[in-house]
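# Notes for the structure review
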Amino acid sequence: MIHERSTANSLGGMKRSQWFRTYVLLVRLGLGCLFLWSSIPKIRQPYDFLGNIYEYELFNIGLGMLIAMGLPWLGLFVGLCLISGLFVSGALLASTVLLGIFAFAQASVLGRGLPIGCGCFSGCGEDFVSYGSLLRVVLVFVAASLGFVVVLLQSSTAAESVASVRPTGGTCSTSSP
Amino acid sequence: MTSQELRHSPYLVILHVKTSADQKDYKHYELFVGTKDGQAKLYDPPNPPGLVPFHELAQRWAGVGLIVSASPVDANAFLAPGRRRFMTYVAIVVAVILVLHYGRRRWIAYWAGMSRRRRFVLALSQCAGLTVLGLLAGFIYHFANDEGFLAHGNATTSVVRAHVGSLLPHVNKEEVAELLNTETVFIDARYARDFKAGHLAGAINVPVNASDDERGKVLNGVSKDSHLVIYCQSAGCKFAEEVTKKLMADGFSDISIFKGGWGEWSADNDT
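## Some points on the interface of chain B and chain A
Contacts between chain B and chain A engage 43 residues on the former and 37 residues on the latter. Counting only elements with at least two residues in the side of chain B that touches chain A, the list comes to α2 (54-60), α3 (75-101), α4 (104-112), α5 (116-144), α6 (157-162) and α7 (164-167) of chain B. At 19 residues, the largest contribution of residues to the side of chain B that touches chain A is made by α5 of chain B. Here the side of chain B that touches chain A is composed, by residue class, of 26 nonpolar, 13 polar and 4 charged.

## A look at helix α11 (residues 239-250) of chain B
All names here are of chain B. Given a rise of 1.5 Å per residue, 12 residues ought to cover 16 Å, and the 17 Å separating the end C-alpha atoms of α11 matches this to within 8%. Looking at the buried residues of α11, the elements they touch are α7, β6 (185-188), β8 (228-231) and β9 (255-258). Once α11 finishes, Gly251 follows within two positions and takes phi at roughly 115°, a positive value.

## Some words on the sheet that holds strand β5 (residues 61-68) of chain B
Residue and element names in this part refer to chain B. The 5 strands are arranged β4-β3-β2-β1-β5 in an open sheet whose pairing can be described as antiparallel. In this open sheet, the two edge strands, each paired with only one partner strand, are β4 (50-53) and β5. In this sheet, neighbouring strand axes are inclined to one another by 40° on average, regardless of whether the strands run parallel or antiparallel. By the bridge criterion, 5 bridges tie strand β2 (residues 28-36) to strand β3 (residues 39-43) in an arrangement that is antiparallel. Looking at the pairing, Gly34 lines up with Lys41 of β3.

## Section: the sheet that holds β8 of chain B
Residue and element names in this part refer to chain B. Within the open sheet, the 4 strands sit side by side as β7-β6-β8-β9. Their pairing is parallel. Two strands lie at the open edges of the sheet, namely β7 (204-205) and β9, each paired on one side alone. Sheet analysis places β6 next to β7, joined by 2 bridges and oriented parallel. In the strand pairing of β7, Asp188 is matched with Asn205.

## Some words on unusual backbone geometry
Peptide bonds are mostly trans, and most non-glycine residues show a negative phi. In the segment running from Pro45 of chain B into Pro46 of chain B, the intervening peptide bond is cis, with an omega of 5°. In this fold, Pro46 of chain B is placed in the loop between β3 and β4. A positive phi is found at Glu57 of chain A, a non-glycine position, where the angle reads about 55°. Along the chain, the position of Glu57 of chain A falls in the loop between α2 (46-55) and α3 (61-84).

## Details of the packing of α2 of chain A against α3 of chain A
Residues and elements named next belong to chain A. Packing of α2 against α3 brings their axes to within 9 Å, and their N-to-C directions diverge by 130°. Taken together, α2 and α3 sit at an angle that is classed as oblique. Regarding α2 and α3, the two cross each other, and that crossing is right-handed. Between α2, through Pro46, Phe49, Leu50, Ile53 and Tyr54, and α3, the contact on the second element is made entirely by Gly64, Met65, Ile67, Ala68 and Pro72. Within the contact of α2 with α3, the residues separate by chemical class into 9 nonpolar, 1 polar and no charged.

## Comments concerning the nonpolar core
Counting residues in each nonpolar core, the largest one holds 65 residues, and the members touching the most others are Leu50, Phe77, Val78, Cys81 and Ala91 of chain A together with Leu130 of chain B. Sorting elements by how many residues they give to this core places α3 of chain A first, with 12 residues. With sequence-adjacent residues up to four places away left out, Leu50 of chain A is seen in contact with Gly64, Met65 and Ala68 of chain A together with Thr156 and Val159 of chain B. With 24 residues, the next largest nonpolar core counts Phe186, Phe239, Ala240 and Leu247 of chain B among its residues.

## Brief notes about the environment of Cys81 of chain A
Inspection of the secondary structure assignment puts Cys81 of chain A in helix α3. Residues Cys81 of chain A and Gly32 of chain A lie 49 residues apart in sequence; the distance between their C-alpha atoms is 7.6 Å. When residues no more than four places from it in sequence are discounted, the contact partners of Cys81 of chain A are Leu86, Phe87 and Ala91 of chain A together with Ile97 and Leu130 of chain B.

## Looking at the confidence of the model for chain B
Residue and element names in this part refer to chain B. Mean pLDDT for chain B: 84, with 94% of residues reaching 70 or above. For chain B, the element scoring lowest by mean pLDDT is α4, at 63; β6 scores highest, at 93. Two numbers describe this predicted complex: its pTM, 0.75, and its ipTM, 0.79.

## Looking at the confidence of the model for chain A
All names here are of chain A. Across chain A, the average pLDDT comes to 80, with 76% of residues at 70 or higher. Of all the helices and strands in chain A, helix α5 (residues 131-165) carries the lowest mean pLDDT, 76, while helix α4 (residues 88-112) carries the highest, 93. Contacts of residues 157-177 to residues separated by more than four positions or lying in other chains number 35 contacts, the stretch itself having pLDDT below 50.

## Description of the pairing of β9 of chain B
All names here are of chain B. The pairing of β8 with β9 spans 4 bridges and is parallel. Each residue of the ladder has a partner; that of Ile230, found in β9, is Ile257. Following the chain from β8 across α11 to the adjacent parallel β9, one finds a crossover that is right-handed.

Cut-offs used in this document
- Residues numbered from 1 in each chain as written.
- Chains lettered and ligands numbered in written order.
- Predicted model: local features only at pLDDT ≥ 70, side-chain atom pairs only at ≥ 80, totals over all residues.
- Contact = placed C-beta atoms within 7 Å.
- Helix = DSSP H or I, 4+ residues; strand = E, 2+ residues; numbered from the N terminus.
- Nonpolar A, V, L, I, M, F, W, Y, C, P; charged D, E, K, R; others polar.
- Expected span 1.5 Å × (residues − 1).
- Pairing = 2+ DSSP bridges.
- Axes fitted to C-alpha atoms, helices over the stretch in contact; angles between N-to-C directions.
- Parallel < 35°, antiparallel > 145°, perpendicular 65-115°, else oblique.
- Left-handed = near helix turned anticlockwise from the far one by under 90°.
- Core = buried A, V, L, I, M, F, W, Y, C linked by C-beta atoms within 7 Å.
- Buried ≥ 20, exposed ≤ 12 C-beta atoms within 10 Å, placed from the backbone.
- pLDDT = per-residue confidence, 0-100.
- Right-handed = clockwise from strand over helix to strand, strands pointing away.

Structural data, given as structure tokens:
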């Protein structure tokens, strides 16, 4: 009886673990495409992006230039890492931090009443900072941070499931996450 | 389209541009006639065609162009070199990632055996590594690329000038009240009739439409080292920024902007 319950719990844990893996995969691919989509136009039209940064009125001339030079490439690296599955935890953490800062910047702009373009995707200057754009960033931020937490916990969950199933002679096998 | 791609265009292209690089909005069109001596030959009637370096064009062109041709356009012929150059950078990045990808299986096994705390530290170090890589790639790209920020000393000057209102220090109503009885010079950027209707005590009127001569006469006795506070009617009014650009060109450098302007001041003060 105890043996059966233990097996059932383990199978439940594995099912949960599979859900987590599916969630992380979706977040990885979604965020990866998003970062690639937003970073490539900024690399190709850096002067527009520099102007966007200055309009936020949060950075001085030098820091704004540094951000305009590095941020699109960081976005490109993060996007490629998320899609390829390399350095996933680091890339998800970077996504979470970047999106968190972006959400803060948009909230700050809304608080000061600045009528500026959000600079989310170059070439869409009409996309002004609004509560809608802030909500969008916050939702993606929540998805990314949840993804990061799941990645941190995921491997141990899967490992524990395997460890508890193996002694009972269960037939389930897990592949590496 | 980028200016890298444009320089290989065999066609006439109508470009969507800013009237000058220190403007914010794209409100003008110029005709790209071709490339001569490594520079863009542009035609902006009624002016005669002139040569503009591509890095200067990059600062005021939206990246949108309408190709004019009597025969069917072969866009790949001129888009390919620029795209190839850009894709080279991307290919280097992808190659590095693919090389690292080979170690993925070992990496996953290592990851699974780690404690959560160590995983978090590792994630932090990966995040820091990606940030450093991003900055490094940005530096290299902007240094090696002719249209990059670091390729020419004054590459970003026009963008800074265009956003001077966002970059200069701002003062609020309380700070204005403190500065009123000091050496600070207040400049009212509104039209003369608005200035006459009411203004900050001791303010000088430099209307946005004043000519260089008129501006010179009004500011004749003001030292270039003076602290200037420039204001307009309200936060939505851009005259203060326009006048600031002119005053900076005149040699004034210690400038602040009172964004709330006369509207915010007069709401609570009888001046």
